[in-house]
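# Chain and residue survey
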Amino acid sequence: MMLGSLLAGLAFSNASLGLVHAMAHSLGGLLDIMHGDCNAILLEHVVRFNFAAAAEQYRGVAEAMGLKIEELAATEQKAALV
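So, here is what we can say about the structure in this document.

Thresholds, definitions, all that
- Residues numbered from 1 in each chain as written.
- Predicted model: local features only at pLDDT ≥ 70, side-chain atom pairs only at ≥ 80, totals over all residues.
- Heavy atoms only, no water.
- Helix = DSSP H or I, 4+ residues; strand = E, 2+ residues; numbered from the N terminus.
- Buried < 20%, exposed > 50% of the residue type's maximum accessible area, 1.4 Å probe, protein only.
- Polar contact = N/O pair within 3.5 Å; in protein donor to acceptor, adjacent residues only side chain to side chain.
- Contact = heavy atoms within 4.5 Å.
- Core = buried A, V, L, I, M, F, W, Y, C linked by side-chain atoms within 4.5 Å.

Structurally, the position occupied by Gln77 is in helix α5 (residues 74-81). Accessibility expressed as a relative area gives 5% for Gln77, which makes it buried. Looking at Gln77, its side chain comes within polar contact range of the side chain of Arg59, at 2.5 Å. At a separation of 3.1 Å, a polar atom in the side chain of Gln77 contacts the main-chain carbonyl oxygen of Ile69. With near-sequence residues (within four places) excluded, Gln77 lies in contact with Phe51, Arg59, Ile69, Glu70 and Leu72.

Right, dumping it as structure tokens:
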């Protein structure tokens, strides 16, 4: 576990972690909730908030998940991804 934690930390230092991760630290500290659970709770809300600003990236995520969203309107694409 310590090695896995170290490797994750090294990877995170090279990645631009965003709103979900930043808010999860505060939420977990405030409510004594595990960090992974906090990330899971917040993810849907952040996707909804950010979708308009990063629609192409989120479409790529949806396609990687196997969702067929090509012919959907943007609001339907966001709903399908969430």
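Before going further, it helps to examine the nonpolar core. Counting eight residues, the largest nonpolar core consists of Val47, Phe51, Ala54, Ala55, Tyr58, Ala62, Ile69 and Leu81. The dominant element in this core, judged by the number of residues it contributes, is helix α4 (residues 55-64), at three residues. The residues contacting Ile69, other than those within four sequence positions of it, are Arg59, Ala62, Gln77 and Ala80.

Let's shift gears to the environment of Met23. Relative to the helices and strands, Met23 resides in helix α2 (residues 19-31). With 17 residues separating them in the primary sequence, Met23 and Ala40 have C-alpha atoms 11 Å apart.

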